[in-house]
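Per-entry structural report
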Amino acid sequence: MRFRRRRAVEDPTVRVGGLLLRSAVMTASGTAGHGAELARYVDLSRLGAVVVKSLSAEPWPGNPAPRVHPAPAGMLNSVGLQGPGVRAWRRESLPELAATGASVVVSIWGRSVEDYRRAAQQLAGCDPAVVAVEVNLSCPNLDGGTHLFAHDPAVAGDVVAEVVEASGLPVWAKLSPNTEHLVAVAGAVASRGASAATLVNTVMGLSIDPATRRPVLGAGAGGLSGPAIRPIAVRAVHQVHTAHPDLPVVGVGGVATGEDAVEMMLAGASAVQVGTASFADPRAVLRVLEGLESWCVRHGVSRVGSLTGAMLG
Ligand code: RRO
């Protein structure tokens, strides 16, 4: 029997602002560990980037268990930003991750503008594998989701401006779908130097166990992710891309197949992240990448980047 070689797409690269990524698909923060955890399943050097779980200037223990719970077509989480802190991560996780040949995007978080500045400063002189910082302004699991930076255009802009100055790296702002001010927040972060907006973080949710009458998650409420939120993410990407066509968007939310990635790009995303799907299948991110590229081949699309914003109507 003869096997036919899979035809490769002519140009798999995409641009996110000034940054050229080798492919359009990357991991989503919080779903691929802090380092090279997925390397035994996926050649990480084929991905657009590996986005690591959010790190703060100091170690942080996270929320009480249970931290995850199944939801219809998705899951609810309240991990609570557990992490070793930027300095320990640089020592203990980054070398192994960089050795895989992956491009790395570091997600950072803080409770104040000053916290973000310190975390960004700790990235100075990092391994050149680190190509960008994703500023997490939208975790729903901090202080009960009451103080999201991404719900306030002015404060979100202030954080981004600090991180741009302190890190010297391209800065992506990860925004929240849980606000009517999304377009204004995206405009604010763009005007303060963000190279891209990552859309969207999880949707605030709550599950209650009727038997105990208590929330199923240790911290109470949580963030909903997975296919359940894909139309919300696609809507947000389209809304921001339409309002701010010069601000690159990285689309995330329920992407589990190559066609889902195509949809996200047609809505306006320059690149796509795969998150919750990786919990069910650690090879999901590569499956999505290969699905996207073979879709392009089948449909006569020679440049993956040409899908961005190419929705009709
Ligand atoms: O750690 C978390 O609980 C968490 C984070 Br940092 C985030 O950005 N989004 C989310 O759903 N969970």
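Going by the structure above, here's the rest.
This one's a predicted model, so the numbers in the text were calculated from it and none came from an experiment. (Residues numbered from 1 in each chain as written. Predicted model: local features only at pLDDT ≥ 70, side-chain atom pairs only at ≥ 80, totals over all residues. Heavy atoms only, no water.)

**Brief notes about the overall build of the protein chain**
Convention followed: Only DSSP runs of H or I covering at least 4 residues are called helices, and only runs of E covering at least 2 are called strands; the numbering of each starts at the N terminus. For the radius of gyration, the atoms used are the C-alpha atoms, and the globule rule reads 2.2 Å times the number of residues raised to 0.38. Contact between two residues is taken to exist if any of their heavy atoms lie within 4.5 Å; hydrogens are not considered. Under this rule, positive means Lys or Arg and negative means Asp or Glu; His and the chain ends count for nothing. Note on charges: their place is set at NZ of Lys, CZ of Arg, CG of Asp or CD of Glu.
A tally of helices and strands in the protein chain yields 9 helices and 16 strands. Against the compact-globule benchmark of 20 Å for 313 residues, the protein chain has a radius of gyration of 18 Å, which places it among compact chains. Its C-alpha atoms give the protein chain principal-axis dimensions of roughly 55 × 50 × 40 Å. At a minimum sequence separation of 6, the contacts of the protein chain that also span at least 24 residues come to 73%. Of the side-chain charges in the protein chain, 27 are positive and 25 negative, and the distance between the mean point of each set is 7 Å.

**As for the sheet that holds strand S7 (residues 104–108)**
Stated precisely, the cut-off is as follows: At least two bridges found by DSSP between two strands is the condition for calling them paired. For every element, the axis is a line fit to its C-alpha atoms; helices are fit only across the contacting stretch, and the angle between N-to-C directions ranges from 0 to 180 degrees.
Pairing in this open sheet of 8 strands is parallel, and the strands run S3-S16-S15-S10-S9-S8-S7-S4 from one edge to the other. Looking at the sheet topology across the chains shown, the edges are occupied by strand S3 (25–27) and strand S4 (50–51). Bridge analysis of S7 against strand S8 (residues 130–136) gives 5 bridges, and the strand direction is parallel. In the strand pairing of S8, Val105 is matched with Ala132. Sheet strands in contact with helix H4 (residues 153–167) are S7, S8 and strand S9 (171–174), and its direction is about 150 degrees off that of S9.

**Considerations on the sheet that holds strand S6 (residues 74–77)**
Note on sheets: strands pair through backbone hydrogen bonds, and any given pair is parallel or antiparallel. Pairing in this open sheet of 4 strands is antiparallel, and the strands run S5-S6-S14-S11 from one edge to the other. At either margin of the open sheet sits one strand with a lone partner, and together these are strand S5 (68–71) and strand S11 (203–205). Strand-to-strand twist of the sheet, defined as the mean angle between neighbouring strand axes without regard to direction, takes the value 35 degrees. As paired strands, S6 and strand S14 (residues 222–225) are joined by 3 bridges and run antiparallel to one another. Bridge pairing links Asn77 to Gly223 in S14.

**What about the side chain of Lys53?**
In plain terms, the rule: Three labels apply to residues, based on accessible area from a 1.4 Å probe with only protein chains included: buried if under 20% of the type maximum, exposed if over 50%, partly exposed otherwise in between. In the sections that follow, a salt bridge refers to a side-chain nitrogen of Lys or Arg positioned within 4 Å of a carboxyl oxygen of Asp or Glu.
With respect to the helices, strands and loops of the structure, Lys53 is situated in the loop between S4 and S5. Among buried charged residues, Lys53 stands out as having no salt bridge; its nearest opposite-charge side chain is Glu134, 10 Å away. The residues touching Lys53, leaving out its near neighbours within four places in the chain, are Ser29, Gly30, Gly33, His34, Val79, Leu81, Gln82 and Ser107.

**Some thoughts on the pattern of salt bridges**
It is possible for side chains of opposite charge to pair when their charged atoms get near one another. In this structure the tally under the stated criterion is 11 salt bridges. A salt bridge links Glu290 to Arg46; its shortest N-O distance comes to 3.2 Å. Of the two residues, Glu290 is situated in helix H9 (residues 284–298) and Arg46 in the loop between S3 and S4; the sequence distance between them amounts to 244 residues. For Arg46, a relative accessible area of 31% translates into the label partly exposed. The salt bridge involving Arg192 is made with Asp158; its shortest N-O contact spans 2.8 Å. Remark: Asp158 occurs in helix H4 and Arg192 occurs in the loop between helix H5 (182–191) and strand S10 (196–199); sequence separation between them is 34 residues.

**Focus: the site of the ligand**
Let me state the cut-off plainly: Definition of nearness: a residue and a molecule or strand are near each other if at least one heavy atom of the residue lies within 4 Å of the molecule or strand. Residues adjacent in sequence count toward polar contacts only when both atoms are side-chain atoms; beyond that, a polar contact is any pair of N or O atoms within 3.5 Å, and within protein one must be able to donate a hydrogen and the other to accept it. Values of accessible area rely on a 1.4 Å probe in the Shrake-Rupley scheme; residue burial ignores everything except the protein chains shown. With a 1 Å grid laid over protein atoms only, a set of points is called a cavity when a 1.4 Å probe fits there but cannot get out and a pocket when it is open yet has protein on both sides within 12 Å along at least five of seven lines; lining residues have an atom within 4 Å of a point. Throughout, a molecule is located in a cavity or pocket provided that more than half of its atoms lie within 2 Å of its grid points.
The full set of residues close to the ligand is Lys53, Asn77, Ser78, Val79, Gly80, Leu81, Asn136, Cys139, Pro140, Asn141, Asn201 and Thr202. The side chain of Asn77 places a nitrogen or oxygen atom 2.8 Å from an oxygen atom of the ligand. One of the backbone nitrogen or oxygen atoms of Gly80 is found 2.7 Å away from an oxygen atom of the ligand. Protein contacts shield 92% of the accessible area of the ligand, which totals 310 Å² for the unbound molecule. Put simply, the ligand lies in the largest pocket.

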